[in-house]
Amino acid sequence: MERHQFSRIYPEVPKSQIDALAEDIKERGQLEPIMIHPEDGSIVDGWNRYLACKIVGIKPKVEEWSYEIHGPLLGYIQSKNLHRRHLRESQRAVIAAKLVAYTSEEEDAQICAPVSQEQAAKQMGVSRRSVQSASKALSDGIDELVTGSYK
């Protein structure tokens, strides 16, 4: 399974957190299903659960994302990730820059509507200037910002 491109907007968590989740799943089972895209099977939400299930050696529980049930895909991913992650300002700025870039390329309203730099900055709690700087870092390929690592 692969992560959906919009899911990759958010940085990966450290291996230690995935290992801790794997231990929890081993002890209590997988409590939340992994949400997958119905067309390509990519993981929309639950990448860390997927990795933890692989470690434990269990077949993960999955459900399909549906526009009719969950609303626009990008909004769903934002809702599931934004407030449960402890992100630094620079990580939030990179996420905002990716939101602007990805939504400007997307034409399907069920996936998302275009997001301006101002909107993305507000959503992520950063300044528009931070989004502009992150956009430049993304286009220039500055690895530390682009990967948005938690490390």
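Quick note: structure is the one above.
Residues numbered from 1 in each chain as written. Predicted model: local features only at pLDDT ≥ 70, side-chain atom pairs only at ≥ 80, totals over all residues. Heavy atoms only, no water.

### Regarding the overall build of the protein chain
Now for step 1: In terms of regular secondary structure, the protein chain is built from eight helices and three strands.
Now for step 2: Start at the N end of the protein chain and walk to the C end: the helices and strands fall as α-β-β-α-β-α-α-α-α-α-α.
Now for step 3: Here the protein chain has a C-alpha radius of gyration of 16 Å; the compact-globule value for 151 residues is 15 Å, and the two agree.
Now for step 4: Taking the principal axes of its C-alpha atoms as reference, the protein chain extends roughly 45 × 35 × 25 Å.
Now for step 5: Counting only residues that meet the buried cut, the protein chain has 44% of its 151 residues in that class. (Helix = DSSP H or I, 4+ residues; strand = E, 2+ residues; numbered from the N terminus. Rg over C-alpha atoms; globule rule 2.2 N^0.38 Å. Buried < 20%, exposed > 50% of the residue type's maximum accessible area, 1.4 Å probe, protein only.)

### What about the layout of surface pockets?
Now for step 1: Considering only enclosed or pocket space, the largest pocket measures out at about 420 Å³ in volume.
Now for step 2: As for the largest pocket, its lining consists of 17 residues, of which Val-13, Gln-17, Asn-48, Arg-84 and Arg-85 are closest to the centre.
Now for step 3: In terms of residue class, the lining of the largest pocket is built from six nonpolar, six polar and five charged. (1 Å grid on protein atoms, 1.4 Å probe; cavity = no way out; pocket = protein on both sides within 12 Å on 5 of 7 lines; lining within 4 Å. Points joined across faces, edges and corners; volume = space filled by probe spheres on them. Nonpolar A, V, L, I, M, F, W, Y, C, P; charged D, E, K, R; others polar.)

### Re the packing of helix 5 (residues 89-105) against helix 7 (residues 128-140)
Now for step 1: Running from N to C, helix 5 and helix 7 cross one another at 75°; their axes reach a closest spacing of 8 Å. In terms of orientation, helix 5 and helix 7 fall into the roughly perpendicular class. Across the interface between the two elements, Glu-89, Ala-93, Val-94, Ala-96, Ala-97 and Lys-98 from helix 5 touch Ser-130, Val-131, Ala-134, Ser-135 and Leu-138 from helix 7.
Now for step 2: Taken together, the residues of the contact of helix 5 with helix 7 sort by class into seven nonpolar, two polar and two charged. (Axes fitted to C-alpha atoms, helices over the stretch in contact; angles between N-to-C directions. Parallel < 35°, antiparallel > 145°, perpendicular 65-115°, else oblique. Contact = heavy atoms within 4.5 Å.)

### A few points about the sheet that holds strand 3 (residues 62-64)
Now for step 1: What the three strands build is an open sheet, ordered 2-1-3; its pairing is mixed. Only two strands of the sheet have a single partner each, and these edge strands are strand 2 (43-45) and strand 3. Going from strand to strand, the sheet's axes swing by 45° on average, the running direction of each strand aside.
Now for step 2: Pairing geometry for strand 1 (residues 34-36) and strand 2, over two bridges, is antiparallel. Note that in strand 2 the partner of Ile-36 across the bridge is Ile-43.
Now for step 3: Across the sheet, helix 4 (residues 73-81) touches strand 1 and strand 2, and the angle it forms with strand 2 is around 55°. (Pairing = 2+ DSSP bridges.)

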